[in-house]
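Next come the chains, spelled out residue by residue.
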Amino acid sequence: MKKALMFGLFLGIMIFAVHALTAEAAVDVKSGIGGTVTWRAEPGSALAAGAEIVRVRTLTGEVAAARAEEDCSVSEMLVSVGDDITAGQVVARLKKQDE
């Protein structure tokens, strides 16, 4: 019984390790400010560090709600133009560029 339990534990750890090493590291991006989305980057597009990911309209005008912290590509956009978003809301998932 102990051997079967140890084997199962070992197998589970190995499966987790393989998944962790092979999975693409998607990074969630949160909005720094709330407002109505006026523009968003398209999924699949490459972004340089500092590039806008989402732009919103606020009471004082249009501003970037989220920017890329490093070179990356957009794997998924979670908001659309016209959506109202809040500060701290996850708006996109990015894939880091290979070095």
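Values in this document were obtained by computation on a predicted structure and should not be read as measured data.

**Quick look at the confidence of the model for the chain**
Then comes step 1: Mean pLDDT over the chain: 88, with 90% of residues reaching 70 or higher.
Then comes step 2: Across the chain, element-level confidence peaks in strand 2 (residues 35–40) with a mean pLDDT of 98 and bottoms out in helix 1 (residues 2–22) with 72.

**So, a nonpolar patch on the surface**
Then comes step 1: On the surface, a cluster of nonpolar side chains totalling about 520 Å² of accessible area is made up of Phe7, Phe10, Leu11, Met14 and Ile15.
Then comes step 2: If you trace the backbone, methionine 14 turns up in helix 1.
Then comes step 3: Assessed through its relative accessible area of 38%, methionine 14 is described here as partly exposed.

**Some remarks on the side chain of serine 73**
Then comes step 1: Mapped onto the fold, serine 73 is located in strand 6 (residues 72–77).
Then comes step 2: Under the relative-accessibility criterion, serine 73 is labelled buried at 16%.
Then comes step 3: Among all residues touching serine 73, those that are not within four sequence positions of it are Ser45, Ala46, Arg93, Leu94, Lys95 and Gln97.

**Quick notes on the sheet that holds strand 2**
Then comes step 1: Read across the open sheet, the 4 strands follow the order 5-4-2-7; overall the sheet is antiparallel. Taken across any chain shown, the strands that pair with only one partner, and hence form the sheet edges, are strand 5 (61–67) and strand 7 (84–85).
Then comes step 2: For strand 4 (residues 52–58) and strand 5, the ladder comprises 6 bridges, and the chain directions are antiparallel. Its bridge partner being in strand 5, valine 54 is matched across the sheet by alanine 66.

**Here's the deal with the nonpolar core**
Then comes step 1: Formed by 18 residues in total, the largest nonpolar core has its most connected members in Leu47, Ile53, Val54, Ile85 and Val91.
Then comes step 2: Broken down by secondary-structure element, the contributors of at least two residues to this core are strand 4, strand 5, strand 6 and strand 8 (90–96).
Then comes step 3: Excluding its chain neighbours within four sequence positions, the residues that come into contact with isoleucine 85 are Ser31, Ile33, Gly34, Gly35, Val37, Val54, Val56, Ala65, Val79 and Val91.

**As for the side chain of arginine 40**
Then comes step 1: Its place among the elements puts arginine 40 in strand 2.
Then comes step 2: Buried within the structure, arginine 40 lacks any salt-bridge partner; glutamate 42 is the closest side chain of opposite charge, at an N-O distance of 4.1 Å.
Then comes step 3: Of note is the side chain of arginine 40, whose polar atom sits 2.9 Å from the backbone oxygen of valine 79.
Then comes step 4: In contact with arginine 40, not counting residues within four places along its chain, are Ile53, Val54, Met77, Val79, Ser80 and Val81.

Each value, and the rule that gives it
- Residues numbered from 1 in each chain as written.
- Predicted model: local features only at pLDDT ≥ 70, side-chain atom pairs only at ≥ 80, totals over all residues.
- Heavy atoms only, no water.
- pLDDT = per-residue confidence, 0-100.
- Helix = DSSP H or I, 4+ residues; strand = E, 2+ residues; numbered from the N terminus.
- Patch = residues over 30% accessible without salt bridge, like charges linked within 9 Å, V, L, I, M, F, W, Y side chains within 5 Å.
- Areas by Shrake-Rupley, 256 points an atom, 1.4 Å probe, with all protein chains shown as cover.
- Salt bridge = Lys/Arg side-chain N within 4 Å of Asp/Glu carboxyl O.
- Buried < 20%, exposed > 50% of the residue type's maximum accessible area, 1.4 Å probe, protein only.
- Contact = heavy atoms within 4.5 Å.
- Pairing = 2+ DSSP bridges.
- Core = buried A, V, L, I, M, F, W, Y, C linked by side-chain atoms within 4.5 Å.
- Lys, Arg positive; Asp, Glu negative; His and termini not counted.
- Polar contact = N/O pair within 3.5 Å; in protein donor to acceptor, adjacent residues only side chain to side chain.

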